[in-house]
Amino acid sequence: MSPDEAQEQNTPRRTLTAYGRGVVGGLLVGMPSFMTMEIWWGGFTLAATRLLGLIAFNYGVLLVLQHYSGLHPRKTRGGQMRAALVAYGLGLFAASLVLMLLGVTSLHTALRDFVGKIVLLAVPVSVGASVAMSEFGQDHPVTRRRREAASYLGTLGMAAGGAMLFGFGVAPTDEPMIIGLKLPWHHALALVITSLVQVHAIVYAVGFRQRERDDRGAMQKLFKEGVGAYAVALVVAAYLLWTFGRMDAGTGLVACVYQAIALGFVTSLGAAAGELLI
Amino acid sequence: MSDTDDREHGRRQPDWVERLATAVSALVVLAVIAVLVWDAVHPDRPPALDASSGAPRAVGRQWHVPITVRNTGDLAVQEVNVRVALERPDTSATEVDIRIDWLPGRSEREIDAVFGSDPSRGRLTTQVQSFDAP
């Protein structure tokens with residue numbers, strides 16, 4: 001048997017290993033969310049349309065993550081689309097099982113309530129599963145190459161993945177809303193400046209220095225990446241707050257902005273470190 | 001992703017585990033989407049709450065009465081207040097107030113009301129007094 005044939009026969013085992021690694025990586029990221037009551041409540045309080053929107057948005061994030069890291073080592077376009085689907089499927093499966101184990105759901109739980117809960121909790125698990133390869137040191141040479149040669153848009157895509165990873169567990173809780181509603185304007189401004197500083201510090205530390213040290217426009221690019229990552233962090237924060245019903249037609253514009261700034265403090269960390277995380 | 005990546009890493013077809021996992025995941029995701037779409041297109045019935053009591057049981061020197069609170073509507077409610085009143089033959093009365101944080105649509109919760117005397121010797125009434133529809 002040639003080495004190629006041996007590898008071909010080994011492929012199902014390799015796939016099973018990748019999925020097992022994905023479940024562990026997903027639980028590692030998703031476990032705090034399993035212990036968050038506000039997410040359980042979201043299962044029956046959130047409108048079905050918002051949950052459907054979240055499934056679509058999350059699938060987009062998973063596709064980006066499959067491109068730069070991934071659940072499965074098959075790095076073709078089709079392989080990545082399949083891996084994104086399986087990552088969410090693993091998330092739904094793991095969420096069903098863990099919620100049953102924790103006694104949060106039972107056979108008496110209403111179907112819509114159960115589906116709402118697993119749709120929400122599958123999000124952090126699927127994101128964790130999708131960065132499992134790099135998380136566990138099984139980085140693929142193709143994904144490494146892609147990250148090193150990532151375009152500006154690609155960098156922002158990774159930032160969105162990192163922002164989801166950090167922000168999802170915090171967005172449904174009361175804290176970002178309470179902080180946002182209590183913020184005086186000068187604190188809000190200070191929070192924006194602090195977030196921007198931490199974003200630039202992380203972007204610089206993560207690898208910008210090596211990549212761009214010989215480039216005369218390095219500082220300009222650093223600024224561009226940093227501001228871009230913060231903008232993505234704010235958009236993801238606002239989207240998550242809207243999904244969890246913290247921003248609605250009845251919420252004032254200033255309250256919406258201040259809540260996004262408060263949660264943006266958290267999501268900006270993930271957005272800036274996106275490249276490092278995945 | 002470049003064409004080179006496709007050529008370098010796309011030669012092998014997906015194995016049976018990958019195919020199976022993709023098919024099962026697609027089915028599960030479609031089922032979940034179907035439930036949500038069904039819920040989205042159906043008009044929600046407003047919350048409808050009622051409370052009923054079960055058979056009392058003696059626990060030590062106290063009597064526990066299981067109170068079941070049902071929400072037969074589609075929408076969840078929070079801060080549900082239920083009053084359980086026990087009127088004895090001598091016209092004296094004891095009231096127990098129960099509060100439930102959340103009650104999802106088409107769901108029920110069971111909570112025990114605790115009395116110091118046998119409730120079966122009097123008249124027990126349960127009434128949902130208030131709730132918040134978020």
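Residue indices begin from 1 for each chain and proceed along its sequence in written order. Chains and ligands are labelled by the order in which they are written, letters from A for the one and numbers from 1 for the other. A pLDDT threshold of at least 70 governs which residues receive local features in this predicted model, and a stricter bar of 80 or more applies before side-chain atom pairs are shown or counted, although totals over entire chains, interfaces and linings include all residues. Side-chain numbers here rest on the full set of heavy atoms in the structure, without hydrogens or water.

Draft legend 1. How the structure looks around helix 6 (residues 111-130) of chain A. All names here are of chain A. For helix 6, built from 20 residues, the straight-helix expectation of 28 Å at 1.5 Å per residue is met to within 8% by its first-to-last C-alpha distance of 27 Å. Note on bend: at a given residue it equals the angle between the axes fitted to the 7 residues ending there and to the 7 starting there. By definition, any uninterrupted DSSP run of H or I lasting at least four residues is a helix, any uninterrupted run of E lasting at least two residues is a strand, and each is numbered from the N terminus. Where helix 6 bends most, at A122, the angle is about 30 degrees, and the proline P124 comes one to four residues later. Relative accessibility under 20% of the residue-type maximum defines a buried residue, over 50% an exposed one, and the middle range a partly exposed one, all with a 1.4 Å probe and only protein chains included. Counting buried positions over the 20 residues of helix 6 gives 19, a clear majority of the element. Here the expected span of a helix is defined as 1.5 Å times the quantity of residues minus one.

Draft legend 2. Here's a closer look at the domain arrangement of chain B. Domain start and stop points were drawn from an automatic or database domain assignment. Taken as a whole, chain B is organised into domain 1 (3-41) and domain 2 (49-132). For domain 1 of chain B versus domain 2 of chain B, the distance between C-alpha centres works out to 48 Å.

Draft legend 3. Expanded view of the interface of chain B and chain A. In this complex, chain B contributes 32 residues to the contact, which on the side of chain A involves 41 residues. When two parts are put together, the accessible area they lose, computed with a 1.4 Å probe and summed over both, is reported as buried area. In total, about 3200 Å² of surface goes out of reach between chain B and chain A, with carbon and sulfur atoms giving 68% of it. Salt bridges are defined as contacts in which a side-chain nitrogen from Lys or Arg sits within 4 Å of a carboxyl oxygen from Asp or Glu. Our enumeration of links across chain B and chain A arrives at four salt bridges. For R74 of chain A, the salt bridge is made with E18 of chain B, and the minimal N-O distance between the two is 2.8 Å. Side-chain atoms alone can form a polar contact between residues adjacent in sequence; in general such a contact is a pair of N or O atoms within 3.5 Å, and within protein one must be able to donate a hydrogen while the other accepts it. Across the contact surface, chain B and chain A share four residue pairs in polar contact (both at pLDDT 80 or more). Mapped onto the side of chain B that touches chain A, the elements with two or more residues apiece are helix 1 (3-9) and helix 2 (16-41) of chain B. Here the element with the most residues in the side of chain B that touches chain A is helix 2 of chain B; it accounts for 16 residues. Ten residues, namely Ala, Val, Leu, Ile, Met, Phe, Trp, Tyr, Cys and Pro, are considered nonpolar, four, namely Asp, Glu, Lys and Arg, are considered charged, and the remaining ones, Gly among them, are considered polar. A class-by-class count of the residues in the side of chain B that touches chain A yields 17 nonpolar, seven polar and eight charged. Throughout, a residue-residue contact means that at least one pair of heavy atoms, one from each residue, lies within 4.5 Å.

Draft legend 4. Representation of the pairing of strand 3 (residues 62-71) of chain B. All names here are of chain B. Most of strand 3 is tucked away, with seven of its ten residues classed as buried. In short, DSSP must find at least two bridges between two strands for them to pair. For strand 1 (residues 49-53) and strand 3, the ladder comprises five bridges, and the chain directions are antiparallel. Bridging from a neighbouring strand, S53 pairs with I67 of strand 3. The pairing of strand 2 (residues 57-59) with strand 3 spans three bridges and is antiparallel. Residue A58 lies in a different strand from strand 3, and its bridge partner there is W63. Connecting strand 2 to the next strand, strand 3, in antiparallel fashion are two residues, including G60 with a positive phi near 65 degrees.

Draft legend 5. The arrangement of the packing of aromatic side chains in detail. Only Phe, Tyr and Trp rings take part, Trp by its six-membered ring, and two of them pair if their centres are within 6.5 Å. Stacked means planes under 30 degrees apart, edge-to-face means over 60, and tilted covers everything else. Inspection of the entire model under this criterion finds five aromatic pairs over all chains. Relative to W102 of chain B, the ring of F44 of chain A lies with its centre 5.5 Å away and its plane at 65 degrees, an arrangement referred to as edge-to-face. Residue F44 of chain A is found in helix 3 (residues 37-45), and its partner W102 of chain B is found in strand 5 (residues 93-103); the two belong to separate chains. Here F44 of chain A and W102 of chain B have matching classes, each one buried. Between F57 of chain A and Y239 of chain A, the ring centres sit 4.4 Å apart and the planes meet at 35 degrees, which makes this aromatic pair tilted. Of the two residues, F57 of chain A is situated in helix 4 (residues 48-68) and Y239 of chain A in helix 12 (residues 218-243); the sequence distance between them amounts to 182 residues. Through a chain of ring-to-ring contacts, the aromatic side chains of W41 and F44 of chain A together with W102 of chain B assemble into a single cluster. Counting as a charge over the ring demands two things of the Lys NZ or Arg CZ atom: a distance within 6 Å of the ring centre and an angle within 35 degrees of the ring normal. One residue, R50 of chain A, lies across the ring of W242 of chain A, its end atom 4.3 Å from the ring centre.

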